Amino acid sequence: MSSNVELIRALGVLSEPPGPQHGPLAEMLELGGTPDPESYAASFLLQLHPYASVYVGSEGMLGGEARDRVAGAWSALGRTPPAEPDHLGALLGLYAALAEHAGSESDPAEKALWGAAASGLLWEHLLSWTTPYLGCFERAGSPVYAAWARLLTETLRDEGRRWGPPAVLPLHLRRAAELPDPRAAGSEAFLAGLLAPVRSGLLLTRTDLARAAAHMDAGLRMGERRFALSAFFSQDADRTLEWLSREAESWARRHTDGADGMELIADFWSARARATGDLLESLRESDVRKFDGTDDALNGSEVATDARN
Amino acid sequence: MSLDKLSAKVSAARKETEERGETFYPGPSRVHLASFPPKERWHDWVELDSRSWPERVEKRYTLVPTACFNCESGCGLLAYVDRETLQVRKFEGNPEHPGSRGRNCAKGPATINQVTDPDRILYPLKRVGERGEGRWERVSWDEALEDIAGRVARAMDEERHNEIMYHVGRPGEDGYTERMLAGWGVDGHNSHTNICSSGARAGYAFWMGMDRPSPDHANARVILLVSSHLETGHYFNPHAQRIIDGKKNGAKLIVLDTRLSNTATHADHWLSTYPGSEAAVLLSFANHLIQNDLYDREFVRRWWNWKEYLQEQRPDVPVTFEAFEDELKTLYAEYTFEYAEKESGVDAATLAEAAAIVAMAGTRLAAHNWRSAAAGNMGGWQVARTLFMLNALLGAIATEGGTFPSAWNKFVPRPIHLPPRHPKQWNDLTWPQEWPLSLMEMSFLLPHLMKERGGFIDTYFTRVYNPVWTNPDGFSWIELLADAEKIGLHVALTPTWNESAYFADYVLPMGHSSERHDTMSLEQYDGSWVAFRQPVLRAARERAGQPVTDTRETNPGEVWEENEFWIDLTWRIDPDGTRGIRGFFESRQNPGQKLTLDEYYGYMFENSVPGLPEEAAREGITPLEYMRRYGAFQVGEKTGQLFEQEVPAAELVNTDTDDMDRVFTEAPKPAGPNVVPFPAIAPDDQGRRRVGVRVDGSIRRGFPTPTGRLEFWSRTLHEWGWPELAIPTYIKSHVHRQNLDREEMPLISTFRLPVQIHTRSANAKWLTEIAHTNPLWLHPDDAGRLGGIRTGDLVRVETRIGHFVLKAWVTEGIRPGVVACSHHMGRWKLGDQGQRLSMATVGIESEGTGRKMSWKKPGGPFESADPDTSRIWWTDVGVHQNLTFQVNPDPISGMHCWHQAVRVSRARPEDRYGDIWVDLDKAHQAYLNWVAETTRSAADHSPDGTRRPYWLLRPVRPEKEAYRLPELETAVP
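Residues numbered from 1 in each chain as written. Chains lettered and ligands numbered in written order. Predicted model: local features only at pLDDT ≥ 70, side-chain atom pairs only at ≥ 80, totals over all residues.

Chemist: Give me the lowdown on the overall build of chain A, citing residues and values where you can.
Modeler: Across its full length, chain A holds 17 helices and zero strands. For 309 residues, the compact-globule formula gives about 19 Å, and the C-alpha radius of gyration of chain A, at 20 Å, lands near that figure. Reported as C-alpha extents along the three principal axes, the dimensions of chain A are approximately 65 × 40 × 35 Å. Within chain A, the proportion of its 309 residues that are buried is 50%. In chain A, of all internal contacts separated by at least 6 residues, the share reaching a separation of at least 24 is 65%. (Helix = DSSP H or I, 4+ residues; strand = E, 2+ residues; numbered from the N terminus. Rg over C-alpha atoms; globule rule 2.2 N^0.38 Å. Buried ≥ 20, exposed ≤ 12 C-beta atoms within 10 Å, placed from the backbone. Contact = placed C-beta atoms within 7 Å.)

See below:
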């Protein structure tokens, strides 16, 4: 049995809104502080939504096919999928239950089956996205949650090593659509794709966009991220492309840094980021006003106009 | 610190916390919008006060559990009692309740509206002036109790026991008042069941003796519903959440419902059947299983009473299972999909597809029919019977994912006193001879029976029940209640004003769910539980060290609870014990003193709920303290197939097995703590009790039916005048097309509005804001045919005894040729008294035998202590259609067959919204015609000179001698 089971449960609980138990748990796990509602809201509600579907779904949003796949995993394991089957806390709880079951099973065949179930859940629905996701907490502004994210990353990697890597890439990643070229698909699809981590290989948070605004000396428009990004293009498309290109290059490196046993997944994410970087470079070299069917899509889109109204 | 060490540290902390009986993790529910306070902190729970936002002001609560009283589900509630003011601030779900699991529908939290209702009745009231005049004076409880007790005592002394009647809506505590009436020796129990669930329950009872289904929806492969169960069915919240669990686990959902209900929208297959054709559809499914050998042969061979059927009905064929199978194929061959299509209007291919899904369910078919078709149609009881036949064919009875009998998933704890008395007299007003097989009392016929046969009720209690509004033909009820020659004293026990209370002599205020005691146990999944409804402020006071001995001390005004009321009343009826009644409500700890509710429930939880004393002891508290703290306890789960259990040797003493393989024993029945009602199975000639049935050489428990098996063929039906209906079959409804005139359409009136509670929720502002009217569902084809009626247009709906005027809602959510109107709205008041939130003020005029009701003032805003009432934005509170319905008592189940044959037309120039007209003569003549055309009375058909088969369930069963028909002298067996 994995000796991390209880630790995983505790870390799962800490992905939920802070309650009275969170202080003692954080202290027990030596996170260097107490989670508070403000940090939780800033981290989990506004920046880093703790749902698998946001990171491995082709829409980059809650729900959709990715969530259905996670719900299917619950059902396949004979469990009733909860209302939010792909919430990080729920998945960690489920994984802990499976690992515990595998550990306590005396029948070797049953043990192997439960082990396979635990391992499958870990690789398919957790490790397929958690490393880049948790990495973002370093810049999200909360030391407690940054410490939590480091500990969870380490723990999940430890679990990954325990079961060994899967033979094939997780289904979420195998099925993930690529980032569309705006010259063919239009700017709307391109912007949506950029903000869908599994397609672009980039996790762009609101903090990142604020950083971009500072870097480009551009205005950060209030609104959803796509609107803010679109507004960057309308202000200075070339510099926006340049900034995004540098982000893609940075993410390509970050994904593989210290992959240590996670290479299969890290390589996927890194390849996605590199492909995004290549596309952005090619856009920089072309005249963005000539995008087929999109007119001046990246130079002041209709989205921005609509949103202003 | 290493991961291993950190994990070990957390494990140790968890172990230590849980050993203290506390919660370590808040639970995954926190991320699923259902955050429950950990139970160890219920006594001092801190929340931010929402009303102080944006300031962060902490409020401290003590959380006290109770059980909801707003529908029959009895879901768990947690009252948030402010520790400073000792007032309830809100109600949320109780996660410790095994049935509802912390989840509630809108009706549970709305209890706070009912508690704080500005129009609620706070003191005992006595009529001044004429009945219905609306003039009242406040009286003391003592005065009211002395008056009532005096009348009841006189009636008893003069052996006029049948002049005492207790008419109840949904009961509070299982069996409490039945035991009280048995103690009184009064056959005066009169329930609302025959306007509610009798139809379906009769169908189940003829199969298995037990009259309710308990489907294991969560584990089903196929869920088959004849109802709008997801939003409004019986036990709908506990069932709905498990139906959704089942669906998430991959179960297919098939729904038979003429309307596009919320349930139908969730179905994989929605079968919009013509009203009353449901049994034809279900039999086509059964026929599919039978003709294609898709049923569980071994189950049918072991458990159906096929031998009895062949012996009695086919003496010409050998008594072999193979011969029965051939017979089965012949019997049901006519129920093809094409036949079902002709009857139901649903195409044969769709039916075949649904049947194939049912066939793949195997033993995981969870099926349910409650009111719906069974309550709407003559012969509706056969809908439930044909539905359960599918379970019986597939062996999906008491299996995981199958359907259980209710009694195996229900636990009624044995009380401190169980009166061994039976009334000496049979009450003909509730159990008339024309309906010898009726599931329950023929309650809704009372005005007609008394008009036809005379009779006098000296003291008539309506208890949280509103016959004028709820029953069909309400004007006949008004006539009855206003007539002092027929009703001597009418005592309305009610938490809220209602249309019947206006015609009462006393209106006595009773508590809501947070103001009364009851135990509850309901079959909601494969498990059984006991929940405790309690006056939460009484419990909160006691937590604060202030003992309370009378619930009135903590309820608003002088609002009481029924249990203490009945104890007090009984003591006043029999103050010195000479009438032999008082003893059933006397303390054992302090003989000669009144039984207190602490002793009553303390005994019950200590002695009659297995496992509870041990669980309480683990926390160092008494069982009663445990129930006051947590509000519910699960007695057991995974009941399994009790009928297959082998009877233990200790129960087999001098046994005899008869030619039907029934095994009788001299061993007495072991006294158990669960007193859930079962049918009275006859002993053998030697007086030995039946203990089981012999199946393939083993003695098994079997079913509580006369044969001990599932009764495919009912000797009872056969011998009591209905041989053609002795097997599950299809009865063409009274609204079958062949029974309607060309211009008539069936009106479906049996469906609820999901957030309303029949007659109980006119005092809930949140619920009334959500739903407050009941338009007529009209298909666009019909709207066009009727001259281009549009949504919002006034229409006149004519029944066979009158008409009502309401607005149309043109929708494709109803079959063409059928109209529908929910019975939940249309509340009214005659004057100032009433629930102003959702009652129109009306006037009633008499014109000969005609009665006309018209609106004098619609609903709307009003000034009260609650500022919200001045913000009411709606004036339409719906139309009371039930007034215009004739009574349609099913000749077998006794169920009022609710669907009405109606003509719909555009309203006439003189018509106004809410207008109602009824001809009382027509109403009575319709009753007489129906009785003459449909019934087969015990006098003509009883096989043994009795009024009713003794084995059938009956509340407050009279002495056996009372079963004898009066005009016959045949010996009672």
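Chemist: Just give me the short version of the overall build of chain B, but keep the residues and values in it.
Modeler: If you tally the helices and strands in chain B, you get 29 helices and 34 strands. Here the C-alpha atoms of chain B give a radius of gyration of 28 Å, agreeing with the 30 Å that 2.2 N^0.38 yields for 973 residues. Structurally, chain B occupies a C-alpha span of about 80 × 80 × 70 Å along its principal axes. Taking all 973 residues of chain B together, the buried fraction comes to 58%.

Chemist: So what about the interface of chain A and chain B? Which residues, and what values?
Modeler: As a measure of interface size, the accessible area lost when the parts come together is often cited. Listed by partner, the interface residues are 28 residues for chain A and 21 residues for chain B. No other element matches helix 1 (residues 5-13) of chain A, which puts six residues into the side of chain A that touches chain B.

Chemist: I'd like to hear about the pairing of strand 10 (residues 222-226) of chain B, residue by residue, with values.
Modeler: Residue and element names in this part refer to chain B. A large share of strand 10 lies buried, amounting to five of its five residues. Side-chain alternation along strand 10 places Val222, Leu224 and Val226 on one buried face and Ile223 and Leu225 on a second face that is also buried. The pairing of strand 10 with strand 11 (residues 252-256) spans four bridges and is parallel. Opposite Val222, over in strand 11, you have Lys252 as the bridge partner. Alignment of strand 10 against strand 13 (residues 365-369), held across five bridges, turns out to be parallel. In the strand pairing of strand 13, Ile223 is matched with Ala366. (Pairing = 2+ DSSP bridges.)

Chemist: Please set out the sheet that holds strand 19 (residues 527-533) of chain B residue by residue, giving values where relevant.
Modeler: All names here are of chain B. With antiparallel pairing, the three strands of this open sheet are ordered in space as 18-19-20. A single partner strand is all that each edge strand has here, and the edge strands are strand 18 (518-520) and strand 20 (632-637). Across this sheet, the average inter-strand angle for adjacent strands is 15°, counted without regard to direction. Sheet topology places strand 18 next to strand 19; three bridges connect them, and they run antiparallel. (Axes fitted to C-alpha atoms, helices over the stretch in contact; angles between N-to-C directions.)

Chemist: Explain the environment of Glu92 of chain B to me, and be specific about the residues and the numbers.
Modeler: All names here are of chain B. For Glu92, the position within the fold is in strand 4 (residues 88-93). Between the alpha carbons of Glu92 and Asp921 there is a distance of 49 Å; along the sequence they are 829 residues apart. In contact with Glu92, other than residues within four places in its own chain, are Leu78, Tyr80 and Pro109.

Chemist: Please give an account of the pairing of strand 23 (residues 689-695) of chain B that cites residues and values.
Modeler: All names here are of chain B. With four bridges connecting them, strand 22 (residues 662-665) and strand 23 associate as antiparallel partners. Across the sheet, residue Thr665 finds its bridge partner in strand 23, namely Arg689. The pairing of strand 23 with strand 24 (residues 698-700) spans three bridges and is classified as antiparallel. The residue bridging Arg694 from the neighbouring strand is Ile699, located in strand 24.

Chemist: How would you explain helix 1 of chain A if you had to name every residue and give the values?
Modeler: Buried residues dominate helix 1 of chain A, accounting for nine of its nine residues. Val5, Glu6, Leu7, Ile8, Arg9, Ala10, Leu11, Gly12 and Val13 of chain A are the residues of helix 1 of chain A that are buried.

Chemist: Quick rundown of the packing of helix 9 (residues 278-291) of chain B against helix 16 (residues 381-394) of chain B? Include the residues and the values.
Modeler: Residue and element names in this part refer to chain B. The interhelical angle for the contact between helix 9 and helix 16, taken along N-to-C directions, is 20°, at an axis separation of 8 Å. The angle between helix 9 and helix 16 falls in the class roughly parallel. Helix 9 and helix 16 meet at a crossing whose hand is left-handed. Contacts between helix 9 and helix 16 involve Glu278, Ala279, Leu282, Leu283, Phe285, Ala286 and Leu289 from the first element and Gln382, Val383, Thr386, Leu387, Met389, Leu390 and Leu393 from the second. Counted by class, the contact of helix 9 with helix 16 contains eleven nonpolar, two polar and one charged residues. (Parallel < 35°, antiparallel > 145°, perpendicular 65-115°, else oblique. Left-handed = near helix turned anticlockwise from the far one by under 90°. Nonpolar A, V, L, I, M, F, W, Y, C, P; charged D, E, K, R; others polar.)

Chemist: Break down the packing of helix 9 of chain B against helix 14 (residues 348-359) of chain B for me, citing the residues and quoting the values.
Modeler: Residues and elements named next belong to chain B. Between helix 9 and helix 14, the shortest axis-to-axis distance is 9 Å and the interhelical angle comes to 60°. By the angle class used here, helix 9 and helix 14 are oblique. As for the relative orientation of helix 9 and helix 14, their crossing is right-handed in sense. Residues Val281, Ser284, Phe285, His288 and Leu289 of helix 9 pack against Leu351, Ala355, Val358 and Ala359 of helix 14. When its residues are assigned to classes, the contact of helix 9 with helix 14 shows seven nonpolar, two polar and no charged.

Chemist: Give me helix 9 (residues 143-163) of chain A: which residues, what numbers.
Modeler: Since there are 3.6 residues in each turn of an α-helix, residues three or four apart along the chain are aligned in direction. For helix 9 of chain A, with 21 residues, the first-to-last C-alpha span of 30 Å sits near the 30 Å given by 1.5 Å per residue. Along helix 9 of chain A, the residues that are buried comprise Val144, Tyr145, Ala146, Trp148, Ala149, Leu151, Leu152, Thr153, Thr155, Leu156, Glu159 and Gly160 of chain A. On its buried side, helix 9 of chain A packs onto helix 1, helix 2 (22-28), helix 3 (37-45), helix 7 (108-126) and helix 8 (130-135) of chain A together with helix 1 (3-19) of chain B. Gly164 of chain A occupies a position one or two residues after helix 9 of chain A and carries a positive phi of about 85°. (Expected span 1.5 Å × (residues − 1).)

Chemist: Could you give an account of the confidence of the model for chain B, with specific residues and numbers?
Modeler: All names here are of chain B. Per-residue confidence for chain B gives a mean pLDDT of 95; residues scoring 70 or more make up 98%. Long-range and interchain partners of residues 28-34, a stretch whose pLDDT sits below 50, account for 22 contacts in this model, where long-range means more than four residues apart. Predicted confidence for residues 969-973 stays below pLDDT 50, and this span has nine contacts to residues more than four positions away or in other chains. Reported confidences for the modelled complex are a pTM of 0.83 and an ipTM of 0.86. (pLDDT = per-residue confidence, 0-100.)

Chemist: Give me the lowdown on the sheet that holds strand 2 (residues 58-67) of chain B, citing residues and values where you can.
Modeler: Remark on secondary structure: sheet strands pair via backbone hydrogen bonds, oriented parallel or antiparallel. All names here are of chain B. Pairing is antiparallel in the open sheet, where four strands are placed in the order 1-2-3-4. Both outer strands of the open sheet, strand 1 (45-48) and strand 4, are each paired with one neighbouring strand and no more. When the angles between neighbouring strand axes are averaged without regard to direction, this sheet yields 40°. Judged from the five bridges that link them, strand 3 (residues 76-82) and strand 4 form a sheet pairing that is antiparallel. Within strand 4, the residue paired with Tyr80 across the bridge is Lys90.

Chemist: Just give me the short version of the environment of Arg139 of chain A, but keep the residues and values in it.
Modeler: Residue and element names in this part refer to chain A. Within the secondary structure, Arg139 is located in the loop between helix 8 and helix 9. Taking the C-beta count within 10 Å as the criterion, Arg139 has 12 such neighbours and is therefore assigned exposed. When the C-alpha positions of Arg139 and Ala42 are compared, they lie 12 Å apart, and in sequence the two are 97 residues distant.

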